[in-house]
Amino acid sequence: MSLSHPNCIRHSSLPISALPKSKSELLTETDATILYFQETKERIKKMFDKSELSVSAYDTAWVAMVSSPNSRQAPCFPECVNWLLDNQLSDGSWGLPSHHPLLVKDALSSTLACLLALKRWGLGEQQMTKGLQFIESNFTSINDEEQHTPIGFNIIFPGMIETAIDMNLNLPLRSEDINVMLHNRDLELRRNKLEGREAYLAYVSEGMGKLQDWEMVMKYQRKNGSLFNSPSTTAAALSHLGNAGCFHYINSLVAKFGNAVPTVYPSDKYVLLYMIESLERLGIDRHFSKEIRDVLEETYRCWLQGDEEIFSDADTCAMAFRILRVHGYEVSSDPLTQYAEHHFSHSFGGHLKDFSTALELFKASQFVIFPEESGLEKQMSWTNQFLKQEFSNGTTCADRFSKYFSIEVHDTLKFPFHANVERLAHRRNIEHHHVDKTRIFKSSYCFSNISNADFLQLAVEDFNSCQSIHHEELKHLERWVVESKLDRLKFARQKTAYCYFSAAGTSFSPELSDARISWAKNSVLTTVVDDFFDIGGSEEELSNLVHLLEKWDANGSPHYCSEQVEIIFSALRSTICEIGDKALAWQGRSVTHHVIEIWLDLLKSMLREAKWARNKVVPTFDEYVENGYVSMALGPIVLPAVYLIGPKVSKEVVRSPEFHNLFKLMSICGRLINDTRTFKRESEAGKLNSVLLHMIHSGSGTTEEEAIEKIRGLIADGRRELLRLVLQEKDSVVPRACKDLFWKMVQVLHLFYMDGDGFSSPDMMLNAVNDLIREPISL
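Residues numbered from 1 in each chain as written. Predicted model: local features only at pLDDT ≥ 70, side-chain atom pairs only at ≥ 80, totals over all residues. Heavy atoms only, no water.

- Naming follows an unreviewed UniProt entry, where the chain appears as ent-kaurene synthase of Tripterygium regelii.
- Listed under Cofactor (unreviewed entry) in UniProt, the entry text for the chain is "Mg(2+)". (UniProt positions renumbered as here; feature names shortened; annotations may be inferred.)

As structure tokens, then:
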């Protein structure tokens, strides 16, 4: 990690239009775009080598106040004193340049700390004069409730005021204002001992001075010698106690960074994990696979070694757990137990009602999925309620000066991992991405690695580039529907755009065109066939269609009992052959007969349901689900696509219990999700439904609400087991890229049925389709 001085926002390179004219003339627009794209990627790759953290004038001032062990009259770190002398801003303050208008309290705190340091050593008379003028001009912001308040400000700032008085620093403040601040500080210190308060008071020790119980503070000393990885807290402890561990931490910090220090250190692991998180949220992580894998390998090694930097910080621990699990690393959830509701409420973060930490813990809780973790899953459920309650109260907006955090909380709650269609999430995150990700502890800071314009620029270019491909593929699909005469089937729902949306939303990379087309065409066909078996076909026609598929290789002209059957079978046959040809190129073997088998299983299951309906048969709940997971029609959509996304998939793999379980769990989730959303409509139409069957077979006392709640529990259990199989690397024979398709389909289904039935409700998915396929991002 290195420190940027002091502006940590690295500007992106010039746009193509701003290149020297001679260079622009030599490049076609496409060549120039590709070059710019590559240059942006290279800049981002270099960010993995080091993280750049902004200088903290506040923390540097506290380090500068530490006296030499050889003489109380000399600074221990004179280079820090010199930095203060050289880095006052033009308005007389210290801190990040171009103060955010809601960070005046932060600037006041940093400025007063710097004045104390200069007064301590009798230096910088001119700088002190300007600094005092800044404080005088901006002091009214102390009582401005719109201003963002740094952590501990109401204790630290009055404490520094008191120290300034003791040092005879001529503060340009009214005595009445000073007395009010000190009185309020004393009231806060005398408050009842609340949960997490002891750690909080230890963290703000520099504002406590002689009032502090320093023996209590040292309970929080870490292996690296620091207190909370905070240079200011540690420097204050060093000044009061001369602790060797504190000295080692500060000394190593100054040796590493030179004449100024950051506000928190170490934080490299958090920064690199956050980089990965940002790249994934923006949909551009695939361009940095090697760099991300290197970071994950190192993070996993540190996790196994119990690295303090990971486990002493809730945000880093939760993020590391989640990202490692997502990428297939076997990591225990045990470290998260310290953040169960009871423990968190007694912690420093709990005392502060830290929304950022609660959000990270909520995200992590979605990956507590193993049976032995059921207790922890319940213990972590508090994060959901905490965020919902505080978000509904508007607290996050007041406590975070950036609106973007509130947007992230809203999106995370509305679209949990199981309902977060990948490409739509990318678009939301791009549109809400804030380049200036200034953060604040006791002072404001930012990392260039996670607040960089290059991320946003690359994400917009990538999204729009993929979208242009998707747009052309959709037009191809619409032509195919007409050429195949599927549009002539009046009973069939025409949902071509929705079908393609589900493909592009899950497999968006340009090289996955074959998988998208297969997924989309089979989605169209399963919709047609579903409507055919439900309302469009006679018993003779349904049997004829099944017979035609069974006799695929039979010689002679096929017999069609109707034009409808001919249209459907012809479209089926041409699509299956097309997929077979494409899969042969990907797999190096023929898979056509497997695709036929998948379709035949579907048609037979649909025929069985049609006979149940005609004969008024009421199956058991288990019989219904066993047939219904096939009739849900996800097999022809997902299973052929497995052959078209890259990995070689042998016959043994597709016949393995693991592959079958993935398919069955996905399909049962889909069937039950569909049933809970379409129960009323299907009941009125006299159709079978798992909700109705549960009510019938559970006895007359079971209400509709109880039945639906039971089904939702089954969905959650199946979804959890599916995610466990997808993430499991040990003893898994199915390639991860293939397993991901099963999970992505579940995400699509949750979105489709989030507010009803996405296929049957008019225009319900129209905005999603437009966002993904038709409307480019313009920032």
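## Some points on the pairing of strand E4 (residues 71–75)
For step 1, the next point in the chain: As defined by bridge partners, strand E3 (residues 67–68) adjoins E4 across two bridges and the pair is classed as antiparallel. Across the sheet, Ser67 pairs through a bridge with Pro75, a residue of E4. (Pairing = 2+ DSSP bridges. Helix = DSSP H or I, 4+ residues; strand = E, 2+ residues; numbered from the N terminus.)

## Re the nonpolar core
For step 1, the next point in the chain: Judged by nonpolar contacts, the single largest core of 176 residues is most densely connected at Phe501, Phe533, Trp599 and Phe742.
For step 2, the next point in the chain: Split by domain, the residues of this core number at least three in each of domain 2 (268–456) and domain 3 (467–774).
For step 3, the next point in the chain: Apart from residues no more than four positions distant in its own chain, Trp599 is found in contact with Asn522, Leu525, Thr526, Val529, Leu549, Leu572, Ile576 and Pro636.
For step 4, the next point in the chain: Counting residues in hydrophobic clusters, the runner-up holds 73 residues, among them Ala107, Phe153, Tyr200 and Val217. (Core = buried A, V, L, I, M, F, W, Y, C linked by side-chain atoms within 4.5 Å. Buried < 20%, exposed > 50% of the residue type's maximum accessible area, 1.4 Å probe, protein only. Domains from an automatic or database assignment. Contact = heavy atoms within 4.5 Å.)

## Here's the deal with the packing of helix H14 (residues 289–304) against helix H16 (residues 314–326)
For step 1, the next point in the chain: Running from N to C, H14 and H16 point in directions that differ by 120°, and their axes come no closer than 11 Å. In this view, H14 runs oblique relative to H16, as classed from their interaxial angle. Two packed elements cross with a definite hand, and for H14 against H16 that hand is left-handed. Counting all contacts with H14, which are made through Leu296, Thr299, Tyr300 and Trp303, the residues of H16 involved are Cys317, Ala320, Phe321, Ile323 and Leu324.
For step 2, the next point in the chain: Looking at the contact of H14 with H16 residue by residue, the classes come out as eight nonpolar, one polar and no charged. (Axes fitted to C-alpha atoms, helices over the stretch in contact; angles between N-to-C directions. Parallel < 35°, antiparallel > 145°, perpendicular 65-115°, else oblique. Left-handed = near helix turned anticlockwise from the far one by under 90°. Nonpolar A, V, L, I, M, F, W, Y, C, P; charged D, E, K, R; others polar.)

## Observations concerning the domain arrangement of the chain
For step 1, the next point in the chain: Once the domains are mapped, the chain shows domain 1 (55–261), domain 2 (268–456) and domain 3 (467–774).
For step 2, the next point in the chain: Buried area between domain 2 and domain 3, summed over both chains or domains, comes out near 2200 Å², and the portion from carbon and sulfur atoms is 66%.
For step 3, the next point in the chain: Here domain 2 is connected to domain 3 by two salt bridges.
For step 4, the next point in the chain: Ionic pairing is found between Glu422 and Lys744, a salt bridge with its closest N-O pair at 3.4 Å.
For step 5, the next point in the chain: Linking domain 2 with domain 3 are eight residue pairs in polar contact (both at pLDDT 80 or more), by the criterion used here.
For step 6, the next point in the chain: For the side of domain 2 that touches domain 3, the secondary-structure elements that each account for two or more residues are H16 and helix H24 (422–432).
For step 7, the next point in the chain: In terms of residues, the side of domain 2 that touches domain 3 owes the most to one element, H24, which gives five residues. (Buried area = accessible area lost by both parts, 1.4 Å probe. Salt bridge = Lys/Arg side-chain N within 4 Å of Asp/Glu carboxyl O. Polar contact = N/O pair within 3.5 Å; in protein donor to acceptor, adjacent residues only side chain to side chain.)

## Notes on the confidence of the model for the chain
For step 1, the next point in the chain: For the chain, the mean per-residue pLDDT works out to 90, and 92% of the residues sit at or above 70.
For step 2, the next point in the chain: In the predicted structure, residues 5–21 sits below a pLDDT of 50 and forms 31 contacts with residues beyond four places in sequence or in another chain.
For step 3, the next point in the chain: This model gives residues 396–400 a pLDDT under 50, and the stretch forms 11 contacts once residues within four places in sequence are excluded. (pLDDT = per-residue confidence, 0-100.)

## Topic: helix H32 (residues 635–642)
For step 1, the next point in the chain: With eight of its eight residues buried, H32 lies for the most part within the structure.
For step 2, the next point in the chain: Along H32, the residues classified as buried are Gly635, Pro636, Ile637, Val638, Leu639, Pro640, Ala641 and Val642.
For step 3, the next point in the chain: Contact partners of the buried residues in H32: helix H27 (513–536), helix H29 (563–587), helix H30 (592–614), helix H34 (657–684) and helix H37 (736–752).

## A look at the environment of Gly131
For step 1, the next point in the chain: With respect to the secondary-structure elements, Gly131 resides in helix H6 (residues 125–138).
For step 2, the next point in the chain: Under the relative-accessibility criterion, Gly131 is labelled buried at 0%.
For step 3, the next point in the chain: Taking the C-alpha atoms as reference points, Gly131 and Gly92, 39 residues apart in sequence, are found 4.6 Å from one another.
For step 4, the next point in the chain: Those residues in contact with Gly131, other than ones at most four positions away along the chain, are Gln88, Gly92, Trp94, Thr111 and Leu115.

## A closer look at the environment of Leu387
For step 1, the next point in the chain: Mapped onto the elements, Leu387 comes out in helix H21 (residues 382–392).
For step 2, the next point in the chain: Since its relative accessible area comes to 1%, Leu387 is described here as buried.
For step 3, the next point in the chain: Sequence separation between Leu387 and His410 is 23 residues, and the spatial gap between their C-alpha atoms is 9.0 Å.
For step 4, the next point in the chain: Apart from the residues within four sequence positions on either side, Leu387 is in contact with Phe355, Ala358, Leu359, Phe362, Val409 and Leu413.

## Focus on the packing of helix H13 (residues 268–282) against H16
Helix-helix packing: each pair is described by the crossing angle between the helix axes and the interaxial distance.
For step 1, the next point in the chain: Two elements in contact, H13 and H16, have axes separated by 10 Å at closest approach and are oriented at 45°. By the angle between their axes, H13 is oblique relative to H16. Note that H13 runs across H16; the crossing there is left-handed. Contact residues: H13 offers Tyr270, Leu273, Tyr274, Ile276 and Glu277, while H16 offers Asp315, Thr316, Met319, Ala320, Arg322 and Ile323.

## With respect to the pattern of salt bridges
For step 1, the next point in the chain: All told, the structure shown has 42 salt bridges when counted by the stated rule.
For step 2, the next point in the chain: Between Lys45 and Glu42 there is a salt bridge whose closest N-O contact spans 3.8 Å. In this pair, Lys45 and Glu42 are both assigned in helix H2 (residues 29–47), three residues apart and thus about one turn of the helix distant.
For step 3, the next point in the chain: The class of Glu42 is partly exposed, set by a relative accessible area of 39%.
For step 4, the next point in the chain: With its nearest N and O atoms 2.5 Å apart, the salt bridge here joins Arg724 to Glu721. Within this pair, Arg724 and its partner Glu721 are both found in helix H36 (residues 704–727), separated by three residues, close to a single helical turn.
For step 5, the next point in the chain: Note on Arg724: relative accessible area 16%, which makes it buried.
For step 6, the next point in the chain: It is possible to trace a salt-bridge network through shared partners that takes in Glu277, Arg281, Arg322, Glu360, Lys363 and Glu408.

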